[in-house]
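What follows is the residue order along each chain.
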Amino acid sequence: MKTFYWLLKREFWEHRGGFLWAPVVTGGIFLVLNVMAIITAEVLSARHGVRFGGGVDIQEMMRNADAGAWQQVGAAADVAMISSMGLIGIVMGIVVLFYCLGSLYDDRRDRSVLFWKSLPVSNTNTVLSKVASAAIVAPVIAVVVSIVCGLLQLILFVIALSFHGVNVWQLLTYSHPLRAVASLLSNVPLYALWALPAIGWLMLCSSGARSKPFLWAVATPVVLGLLVSWFDIMGLFNMTGSWFWANVVQRVLLSVFPGTSLLFDKHNPLNMGDLNENDPLAMLSPMHTYGLLASPNLWIGVIAGLALIAGAIWFRRVRDDS
Amino acid sequence: MNAVVTATGLSKTYKNSIALNDVSFRIESGRIVGLIGPNGAGKTTALKAILGLTDFKGELNVLGFDPRTQRDQLMEQVCFIADVAVLPRWIRVREAIDFVANVHPRFNRAKCEAFLARTKLTPNQRVKQMSKGMIVQLHLALVMAIDARLLVLDEPTLGLDILYRKQFYQSLLEDYFDENKTIIVTTHQVEEIENILTDLMFIRDGRIVLDTDMDTVGERFVEVMVSAEKAATARSMRPLDERQVFGKSIFLFDGADRATLESMGEVRRPTVSDLFVATMKGTYA
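Reading the values: the criteria
- Residues numbered from 1 in each chain as written.
- Chains lettered and ligands numbered in written order.
- Predicted model: local features only at pLDDT ≥ 70, side-chain atom pairs only at ≥ 80, totals over all residues.
- Heavy atoms only, no water.
- Helix = DSSP H or I, 4+ residues; strand = E, 2+ residues; numbered from the N terminus.
- Contact = heavy atoms within 4.5 Å.
- Areas by Shrake-Rupley, 256 points an atom, 1.4 Å probe, with all protein chains shown as cover.
- Lys, Arg positive; Asp, Glu negative; His and termini not counted.
- Charge placed at Lys NZ, Arg CZ, Asp CG, Glu CD.
- pLDDT = per-residue confidence, 0-100.
- Salt bridge = Lys/Arg side-chain N within 4 Å of Asp/Glu carboxyl O.
- Polar contact = N/O pair within 3.5 Å; in protein donor to acceptor, adjacent residues only side chain to side chain.
- Nonpolar A, V, L, I, M, F, W, Y, C, P; charged D, E, K, R; others polar.
- Axes fitted to C-alpha atoms, helices over the stretch in contact; angles between N-to-C directions.
- Parallel < 35°, antiparallel > 145°, perpendicular 65-115°, else oblique.
- Left-handed = near helix turned anticlockwise from the far one by under 90°.
- Core = buried A, V, L, I, M, F, W, Y, C linked by side-chain atoms within 4.5 Å.
- Buried < 20%, exposed > 50% of the residue type's maximum accessible area, 1.4 Å probe, protein only.
- Pairing = 2+ DSSP bridges.
- Phe/Tyr/Trp six-rings, centres within 6.5 Å; stacked < 30°, edge-to-face > 60°.
- Lys NZ or Arg CZ within 6 Å of the ring centre and 35° of its normal.
- Domains from an automatic or database assignment.
- Buried area = accessible area lost by both parts, 1.4 Å probe.
- Expected span 1.5 Å × (residues − 1).
- Bend = angle between axes of the 7 residues up to and from the residue.

Peer 1: What is the right way to look at the overall build of chain B in this model?
Peer 2: What chain B contains, in helices and strands, is 11 helices and 13 strands. Projecting the C-alpha coordinates of chain B onto the three principal axes gives extents of approximately 70 × 40 × 40 Å. Put simply, of all contacts in chain B between residues at least 6 apart along the chain, 69% involve residues at least 24 apart. When the accessible surface of chain B is summed, it comes to about 12800 Å², and 49% of that surface belongs to carbon and sulfur atoms. For chain B, the distance from the average position of its 36 positive side-chain charges to the average position of its 37 negative side-chain charges is 6 Å.

As structure tokens, this is what we get:
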């Protein structure tokens, strides 16, 4: 257990730039862009005398607002709270993709694998520590950074509105920052399960390839996909190309991007259409996202991912090219 | 004495070459064994087999473990320095010590820090900022702080200047080696280690061609400097090697009668390099 903790720590030391600084910098850029947008809006409205709400004073509007309108404002605050996750999630997906591809290849290339293998650490533990880094450590850091970024964003939103005489506390009672935090965190375990086939495939390529793991990782499923589509077009073997692309190619390459489960998985019993538009958090709430646990797509992916990771461990043991 | 490594019928074939060809040997505890051979002779393959880094045919027992299946337990008792280039470039001195201290049960942190205090390394320094000599100092500090029974060194001083090379072997002898430890070392700089070795193994084309201890080397092999008129007699005694220096011939004999040789000229003990060159004649031809 102690060894495993230090293995995780080692991964963090090596990939501090990707795991920590990439989300932090992305969040920072996101906040700066928002500050710029708010300033632009303020400057333009001041210069042209434009008033929010078509000439009606914003305070007047707020005073007359009914509960529904307040809910919309609260929803906007909630969106502000979770919107940074979108951008940070994409960056994190890229980081995890390239982390997995390099995780069992880079140390073979620079021969430092000989140092790691000179320590009493089993290959299984080494590989599993890298899986855990990709599936749990990186997403947890990304979510925490998103939460901090979201809270700052919320403060920004509130400060901007307070200049227009809007009651900040009333606004905050209609937003749900705690629920937003809980929803974001609740998606980490689901992400780990969903991303497993991609993490497994990328690490298998990283562990097995003698050179150019990226090429192996991308070319193999894409070439297979093209073949399947080709047979499909000719009506041979009764294979459907689109099924293969959606359930194999995309799953082994793109599942590392958070949120892709919402896009790819058609088995999800809760569709996005029936969500309340005044409740943007519902999309991320466990009530909605954990419907994925009923999907065979998820579990077949988990099993495939475990098999691929077992293959990566085997390659880690036998690959001898140093 | 108990054996640290016992190999029986060790064979390893790569795609188109034989790296080890039915090799058998035994290494006792408390020895410093030089495994010496030309490039591509199978030295590194033999070491990799001992360390469980490669698959092979035959029987191999290292400290009672089979390196193929019991690597994890074995590596608690075995340390190894491949060459100076294998420490990860991103790691800091402090991180390397922390990591090894926490994953290696036999690591003594105080010993490691005491050794590093004698160098110019600082805790926050990264490997990529170090010279080759400094990297090997760090690696040696890590390894010497581990109470292992077998230390394997594969070209540990490759590319280092003479100051670092001398310091490396001196530290090993003074601060590390004792009768409970065993060191296996391969190197091309034979002359630098020949006076620290207790045993000598020559390997050529995947076979052990000489496996002996250093005392026996002095008894078996004799070099004699013979003037031109006695050269023909010396040649008839089937020397291993002959070379010319200042108009005289130097012959190298294996197991010849010492008294006869002494009557022919000046007798001395051959250096390991001379013995090596004589044994490996024609390797690259």
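What follows continues from the structure just given.
Peer 1: What's the story with the confidence of the model for chain B in this structure? I'm lost.
Peer 2: Residue and element names in this part refer to chain B. In the predicted model, chain B carries a mean pLDDT of 89, and the fraction of residues at 70 or more is 99%. For chain B, the element scoring lowest by mean pLDDT is helix α9 (residues 231-236), at 82; helix α3 (residues 93-103) scores highest, at 96. The complex prediction reports pTM at 0.89, with the ipTM value standing at 0.89.

Peer 1: I would appreciate a short explanation of the interface of chain A and chain B in the present structure.
Peer 2: By a frequent convention, interface size equals the accessible area lost on bringing the separate parts together. Taken together, the contact between chain A and chain B spans 23 residues of the former and 29 residues of the latter. The interface formed by chain A and chain B includes one salt bridge. Ionic pairing is found between R16(A) and E95(B), a salt bridge with its closest N-O pair at 3.4 Å. Summed over the shared surface of chain A and chain B, the number is four residue pairs in polar contact (both at pLDDT 80 or more). Counting residues per element, the ones that place at least two in the side of chain A that touches chain B are α1 (2-14) and α6 (113-116) of chain A. It is α1(A) that contributes the most residues to the side of chain A that touches chain B, seven residues altogether. Considering only residue class, the side of chain A that touches chain B consists of nine nonpolar, five polar and nine charged.

Peer 1: Can you help me understand the packing of helix α4 (residues 109-117) of chain B against helix α5 (residues 132-144) of chain B in this one?
Peer 2: The description of two helices packed together rests on the angle between their axes and the distance between the axes. Residue and element names in this part refer to chain B. In the contact formed by α4 and α5, the axes pass within 8 Å of each other and the chain directions differ by 150 degrees. Overall, the two elements α4 and α5 adopt an arrangement that is roughly antiparallel. The chirality of how α4 crosses α5 is right-handed. Mapping the contact onto sequence places K111, C112, F115 and L116 in α4 and Q137, L138, L140, A141, L142 and M144 in α5. Split into classes, the residues belonging to the contact of α4 with α5 amount to eight nonpolar, one polar and one charged.

Peer 1: Help me understand the nonpolar core in this model?
Peer 2: The nonpolar side chains of a soluble globular protein tend to be buried, and buried together. Core analysis: the biggest nonpolar cluster contains 97 residues, and V5(B), L150(B), L172(B) and L200(B) have the highest contact counts within it. Leaving out residues up to four positions away in the same chain, L172(B) has contacts with L140(B), M144(B), L151(B), L153(B), F177(B) and I183(B). Within the second largest apolar cluster, 43 residues are counted, among which are M92(A), V95(A), A217(A) and I309(A).

Peer 1: I keep staring at the pattern of salt bridges and nothing clicks. Help me out?
Peer 2: Side chains carrying opposite charge are able to pair once their charged atoms draw close together. Residue and element names in this part refer to chain B. Counting across every chain of the model gives 22 salt bridges over all chains. In this structure, D66 engages R68 in a salt bridge whose closest nitrogen and oxygen atoms are separated by 3.5 Å. The partly exposed category is assigned to D66, whose relative accessible area is 22%.

Peer 1: Can you help me understand the sheet that holds strand β10 (residues 221-226) of chain B in this one?
Peer 2: What links the strands of a sheet is backbone hydrogen bonding, and the strands pair in either a parallel or an antiparallel sense. Residue and element names in this part refer to chain B. Strand order in the open sheet made by the four strands is β11-β12-β10-β13, with antiparallel pairing throughout. On the outer flanks of this sheet lie β11 (241-245) and β13 (266-268), each paired with one strand and no other. On average, adjacent strands in this sheet sit at an angle of 25 degrees to one another, irrespective of strand direction. Sheet analysis places β10 next to β13, joined by three bridges and oriented antiparallel. Bridge pairing in β13 links M225 to E266.

Peer 1: Help me understand the packing of aromatic side chains in this model?
Peer 2: Geometry of an aromatic ring pair is reported as the spacing of the ring centres plus the angle between the planes. In the structure shown here, the tally under the stated rule is 12 aromatic pairs over all chains. What links up through ring pairs into an aromatic cluster is the set F115(A), W116(A), W90(B) and F99(B). When the ring centre of W116(A) is taken as reference, the NZ or CZ atom of R10(A) above it lies at 4.1 Å. Here the basic side chain of R251(A) rests over the ring of W194(A), its NZ or CZ set 3.6 Å away from the ring centre.

Peer 1: Explain the sheet that holds strand β1 (residues 3-14) of chain B to me, please; I cannot follow it from the model alone.
Peer 2: Residue and element names in this part refer to chain B. Taken in spatial order, the three strands make up an open sheet running β2-β1-β4, and their pairing is antiparallel. The sheet is open, and its two borders are formed by β2 (17-28) and β4 (57-62), each paired with just one other strand. The average angle at which neighbouring strand axes cross in this sheet is 15 degrees, direction not considered. Direction of pairing for β1 relative to β2: antiparallel, over a ladder of eight bridges. Note that in β2 the partner of V5 across the bridge is I27.

Peer 1: I tried to follow the domain arrangement of chain B on my own but got confused; where do I start?
Peer 2: Residue and element names in this part refer to chain B. Splitting chain B by domain gives domain 1 (3-205) and domain 2 (217-279). Distance between the C-alpha centres of domain 1 and domain 2: 35 Å. Taken residue by residue, the interface counts nine residues in domain 1 and seven residues in domain 2. Across the domain 1/domain 2 interface, buried area totals approximately 690 Å², and carbon plus sulfur atoms make up 75% of it. When residues of domain 1 are sorted by the area they lose upon contact with domain 2, E194, L200 and F202 head the list and together hold 62% of the total. At the boundary of domain 1 with domain 2, the tally comes to zero salt bridges. In this structure, the connection of domain 1 to domain 2 is made through two residue pairs in polar contact (both at pLDDT 80 or more).

Peer 1: For this particular structure, what's the right way to read α1(A)?
Peer 2: Because an α-helix packs 3.6 residues into every turn, residues spaced three or four apart end up facing the same way. Compared with an ideal rise of 1.5 Å per residue, which puts 13 residues at 18 Å, α1(A) spans 18 Å between its outermost C-alpha atoms and is within 8% of the ideal. Here α1(A) has its buried residues at F4(A), W6(A), L7(A), R10(A), E11(A) and W13(A).

Peer 1: When you look at helix α9 (residues 177-208) of chain A in this model, what are you seeing that I'm missing?
Peer 2: All names here are of chain A. Its 32 residues give α9 an end-to-end C-alpha distance of 45 Å, which sits within 8% of 46 Å, the value for a rise of 1.5 Å per residue. Most pronounced at A195, the bend in α9 amounts to some 50 degrees, and the proline P197 follows within four residues. In terms of burial, α9 is a largely internal element, 25 of the 32 residues being buried.

Peer 1: Just checking my understanding: could you explain the packing of α1(A) against α3(B) for this structure?
Peer 2: Two elements in contact, α1(A) and α3(B), have axes whose closest approach is 9 Å; the angle formed by their N-to-C orientations is 160 degrees. Viewed along their axes, α1(A) and α3(B) adopt a mutual orientation that is roughly antiparallel. Along this stretch, α1(A) crosses α3(B), giving a crossing that reads as left-handed. Packed against α1(A), whose contacting residues are K2(A), T3(A), W6(A), L7(A), R10(A) and W13(A), the element α3(B) presents E95(B), D98(B), F99(B), N102(B) and V103(B) at the interface. When the residues that make up the contact of α1(A) with α3(B) are grouped by side-chain class, the tally is five nonpolar, two polar and four charged.

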